[in-house]
2 protein chains.
Amino acid sequence: MQIRDIGEQGLLAKLQKFCPPEVIGDDGAILTTTPGTSLVVTTDILVDGVHFSDRTTTPFDVGWRAAAANLSDLAAMGAVPLGITVGLCLPPDLAVSWVEALYEGLTSCLEISQTPIVGGDICRSSQITVAITAFGEVDPNFTIRRHAAKVGDVLLATGIHGASKAGLELLLNPKIGANLSALARESLIKAHQQPNPRLDVLPHLQELYANSTPVTIAGMDSSDGLADAVLQICRASSVGAMIEMSQLPIAGAIAHLVSAPEALNWTLYGGEDFELILSLPVEKAQLLVEQLGNGATIFGKIIPGTAVKLVDSQGHNPEIILTLDRGFQHFR
Amino acid sequence: MQIRDIGEQGLLAKLQKFCPPEVIGDDGAILTTTPGTSLVVTTDILVDGVHFSDRTTTPFDVGWRAAAANLSDLAAMGAVPLGITVGLCLPPDLAVSWVEALYEGLTSCLEISQTPIVGGDICRSSQITVAITAFGEVDPNFTIRRHAAKVGDVLLATGIHGASKAGLELLLNPKIGANLSALARESLIKAHQQPNPRLDVLPHLQELYANSTPVTIAGMDSSDGLADAVLQICRASSVGAMIEMSQLPIAGAIAHLVSAPEALNWTLYGGEDFELILSLPVEKAQLLVEQLGNGATIFGKIIPGTAVKLVDSQGHNPEIILTLDRGFQHFR
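Computed from a prediction, not measured in an experiment: that's the story for all the values here.

Caption draft 1: Local environment of the interface of chain B and chain A. With 65 residues of chain B at the contact, the number on the chain A side is 65 residues. Of the roughly 5,400 Å² buried between chain B and chain A on both sides combined, carbon and sulfur atoms contribute 54%. Where chain B touches chain A, the interface holds zero salt bridges. In terms of strand pairing, strand β1 (residues 29-31) of chain A meets strand β2 (residues 38-47) of chain B through three bridges, oriented antiparallel. Counterpart to A:Ile30 in the pairing with β2(B) is B:Val40.

Okay, here's the thing in structure tokens:
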């Protein structure tokens, strides 16, 4: 069954089961917010052939990743999600089951943080496009912002990096993974297909600062890569950084897939791991590493200046200056 | 200069001047809300070739109309705007000036209600797509909802209807407007190109109910046509309606363009006038007509049952039952 067989109203009727019934039927959704909080808003667009393709991404995973990217942006601000809206552009000959699977992926990812879909719009287009806007609420005395890094802070990354890129490469070229265990392989592919936005880190951070609010923690997510996050934080904070190559939170299995320099590239520039990159006083960072059961890594420090340097304290390599040019750019 | 010449970062740099500087540079925008209000969220997508085309719509007007459609949805809930996000899908060979004109149109329409652009995303696509999400806040004791119409209410429309459709037809077939004065012509075209969301009606409504809150006023906007609005309100409220043909708020100049039955069609089904259709007790409706300086019309009443009937009290025509089938549907 194609979308044109059931039309806009028919498709909307099928999608309503994914939304809380109380929000359906008006020009907009009405949501109650917690007094004293500020509203946080973020938006992302995914386009077929640019951000996903049938080769590597099922419609379920397109939905999961779209939700994850937006929830990750909320986590990167320290915000708790309130809801998302879903704008869809769809070709009339697309299968209705594709759209239902997309919504199943969206709601499966949203379920973890109990985030509802509170609105949407669908229209005809030649290219599948998924436009998500997420909104959350944040305690104005406890926010995460890019501009707050200070000289002397250390850089901390949650999770591992390069795994999403490795998973994508495994999907594109299955034979490069011949050396990997089935478990390692699945784990990398899942990192690409169903990344986890790190909203779970926020309560730990709040605990760390329980006695010292108001606070603005420095950080952002690593959706465009670990290197990009460090560069953006440094630019916004007018500081430099030194990244210790041996301390990078590299996905171990990558070493079995590609050469060491390429593994380094994936870790720094792969993107879409949707982890948090934070700049914290060292004692807070160490406590957070403990609280997350070593699910976080201190990999560098903030220094004066504006340069972001990649160093090898063993002295085997010259110092490398990182730039924004390597980040993912559209239109080129 | 095309978008591919300056890339994503170059384009973002040019668009930043349209956004308040304090919201730029993080993963999301942080907005302060008024204590005691609820959040209202609405989203709309416009696609090149579906919702607009170069023949009838300049990029400035695409932006104006996109902002207007979303602000109209907020007005239709009784909400005051807080901000919008703008998601853009753009072909790499599109002129940068096109995107700047789009943003000028957006901000010109938003300026009237002092609504900021607080976020966005841009990406590559084969078809220009503009995805807007608007946020507003509403006093939970004073909302406009579709489900609140009661038997005995009268139906009121702000403004006139069919003008946007007439303007579109004049743009597509300029020769049909040969009988029209330049002023009438311009006015219809402007109704299509730069419709005004009716946020200005809200303070009048609040005044009407100043001594009788909490209240849920029945209504919605006429973005999909006057008939669609009446049908949606009736369906949500489990009531019927009787529309008096001679009282319809028809754009006078339409009579010089097309036959009477076609003028009626445009008025009922034309859509995109972005006026408000309200169901109110008759005394409130009459006061609102006075307050708006006759910029509103009582055109029918709510009756028991589920049918929406179009009647001619002169008895010249048989009663007509309206259905949702005539509304604008995608995918067919």
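That shown, we press on.
Caption draft 2: Layout of the environment of B:Ser246. All names here are of chain B. For Ser246, the location among the structural elements is in the loop between β9 (240-244) and α8 (260-269). Taking the C-alpha atoms as reference points, Ser246 and Ile320, 74 residues apart in sequence, are found 14 Å from one another. Within the structure, Ser246 has its side chain in polar contact with the side chain of Gln247 (distance 3.4 Å).

Caption draft 3: Geometry of the state of the cysteines. Residue and element names in this part refer to chain B. Using the criterion set out here, one finds zero disulfides over all chains in the structure. Cys19 forms no disulfide, and the closest cysteine sulfur to it belongs to Cys109, at a distance of 16 Å. Residue Cys19 is classed as buried on the basis of its relative accessible area, which comes to 18%.

Caption draft 4: How the structure looks around the side chain of A:His192. You can see A:His192 is positioned in helix α5 (residues 182-193). Given a relative accessible area of 4%, A:His192 falls into the buried group.

Caption draft 5: Structural context of the relation of the copies chain B and chain A. Once chain B is rotated about the relating axis by 180° and shifted along it by 0.0 Å, it coincides with chain A to within an RMSD of 0.0 Å. Classification of the inter-copy transformation places it as that of a two-fold axis. The position closest to the rotation axis in chain B is occupied by the C-alpha of B:Pro35, lying 3.0 Å away. Most of the interface of chain B is mirrored in chain A, where 100% of its interface residues are also at the interface.

Caption draft 6: Region of interest: helix α9 (residues 282-291) of chain A. Residues and elements named next belong to chain A. Every buried residue belonging to α9 is among Lys284, Ala285, Leu288 and Val289, and all of these are buried. Taken around the axis of α9, the buried residues stretch over an arc of 140°, which confines them to a single face. Trailing α9 by a residue or two, Gly293 shows a phi angle of about 60°, which is positive.

Caption draft 7: Region of interest: the pattern of salt bridges. Residue and element names in this part refer to chain A. One pass over the structure, following the stated rule, counts 12 salt bridges over all chains. Residues Glu169 and Lys165 are paired through a salt bridge, measuring 3.0 Å at the closest nitrogen-oxygen approach. Within this pair, Glu169 and its partner Lys165 are both found in helix α4 (residues 163-172), separated by four residues, close to a single helical turn. One salt-bridge network, held together by shared partners, links Arg198, Asp200 and Glu275.

Caption draft 8: Representation of the domain arrangement of chain A within the structure. All names here are of chain A. Taken domain by domain, chain A consists of domain 1 (3-138) and domain 2 (142-326). For domain 1 and domain 2, the distance between their C-alpha centres works out to 27 Å. With 21 residues of domain 1 at the interface, the matching set in domain 2 holds 23 residues. Roughly 1,800 Å² is buried in total at the junction of domain 1 and domain 2, and carbon and sulfur atoms are behind 59% of that figure. For the pair domain 1 and domain 2, the number of links is one salt bridge. Across the salt bridge formed by Glu272 and Arg65, the nearest N and O atoms sit 2.7 Å from each other. The interface formed by domain 1 and domain 2 holds nine residue pairs in polar contact (both at pLDDT 80 or more) in total. Ranked by residues supplied to the side of domain 1 that touches domain 2, first place goes to helix α2 (residues 59-75) with 10 residues.

Caption draft 9: The arrangement of the packing of α2(A) against helix α3 (residues 96-111) of chain A in detail. Residue and element names in this part refer to chain A. At a minimum axis separation of 6 Å, α2 and α3 run at an interaxial angle of 40°. Accordingly, the angle class assigned to the pair α2 and α3 is oblique. Here the hand of the crossing between α2 and α3 comes out right-handed. Contacts between α2 and α3 involve Pro59, Phe60, Val62, Gly63, Trp64, Ala66, Ala67, Ala68 and Leu71 from the former and Trp98, Ala101, Leu102, Glu104, Gly105, Leu106, Ser108, Cys109 and Leu110 from the latter. Counted by class, the contact of α2 with α3 contains 14 nonpolar, three polar and one charged residues.

Caption draft 10: Focus on the sheet that holds strand β11 (residues 296-303) of chain A. Residue and element names in this part refer to chain A. Taken together, eight strands build an open sheet; the order of strands is β6-β8-β10-β7-β11-β9-β12-β13 and the sheet is mixed. A strand with exactly one partner marks an edge of an open sheet, and here the two such strands are β6 (142-145) and β13 (320-322). The average undirected angle you get between the axes of adjacent strands in this sheet is 30°. Note that strand β9 (residues 240-244) and strand β12 (residues 308-311) share four bridges and pair parallel.

Caption draft 11: Structural context of the sheet that holds strand β6 (residues 142-145) of chain B. Residue and element names in this part refer to chain B. Strand order across the open sheet formed by eight strands is β6-β8-β10-β7-β11-β9-β12-β13, with mixed pairing between neighbours. At either margin of the open sheet sits one strand with a lone partner, and together these are β6 and β13 (320-322). Taking each pair of neighbouring strands and ignoring which way they run, the sheet shows an average axis angle of 30°. For strand β12 (residues 308-311) and β13, the ladder comprises three bridges, and the chain directions are antiparallel. Its bridge partner lying in β13, Lys309 is registered against Ile321. In the packing of helix α6 (residues 201-208) onto the sheet, the strands contacted are β6, β7 (154-158), β8 (215-221) and β10 (276-280), and the crossing angle to β6 comes to about 115°.

Caption draft 12: Spatial organisation of the UniProt feature "binding site: Mg(2+) 1" (unreviewed entry) in chain A. Listed under "binding site: Mg(2+) 1" (unreviewed entry) in the UniProt record, and renumbered for this structure, are A:Thr43, A:Asp44 and A:Asp121. In this structure, A:Thr43 is in contact with A:Asn70, A:Ile132, A:Thr133, B:Thr85, B:Gly119, B:Gly120 and B:Asp121, ignoring residues within four places of it in sequence. A distance of 3.1 Å separates a polar side-chain atom of A:Thr43 from the backbone oxygen of A:Ile132. Structurally, A:Asp121 can be placed in strand β4 (residues 117-124). By relative accessible area, which is 16% here, A:Asp121 ends up buried. If near-sequence neighbours (up to four positions away) are discounted, A:Asp121 is found in contact with A:Val86, A:Gly87, A:Leu88, B:Thr43, B:Asp44 and B:Ile45.

What counts, and at which threshold
- Residues numbered from 1 in each chain as written.
- Chains lettered and ligands numbered in written order.
- Predicted model: local features only at pLDDT ≥ 70, side-chain atom pairs only at ≥ 80, totals over all residues.
- Heavy atoms only, no water.
- Contact = heavy atoms within 4.5 Å.
- Buried area = accessible area lost by both parts, 1.4 Å probe.
- Salt bridge = Lys/Arg side-chain N within 4 Å of Asp/Glu carboxyl O.
- Pairing = 2+ DSSP bridges.
- Helix = DSSP H or I, 4+ residues; strand = E, 2+ residues; numbered from the N terminus.
- Polar contact = N/O pair within 3.5 Å; in protein donor to acceptor, adjacent residues only side chain to side chain.
- Disulfide = S-S within 2.5 Å.
- Buried < 20%, exposed > 50% of the residue type's maximum accessible area, 1.4 Å probe, protein only.
- Least-squares fit on C-alpha atoms with pLDDT ≥ 70 in both.
- Arc of directions from axis to C-beta.
- Domains from an automatic or database assignment.
- Axes fitted to C-alpha atoms, helices over the stretch in contact; angles between N-to-C directions.
- Parallel < 35°, antiparallel > 145°, perpendicular 65-115°, else oblique.
- Left-handed = near helix turned anticlockwise from the far one by under 90°.
- Nonpolar A, V, L, I, M, F, W, Y, C, P; charged D, E, K, R; others polar.
- UniProt positions renumbered as here; feature names shortened; annotations may be inferred.

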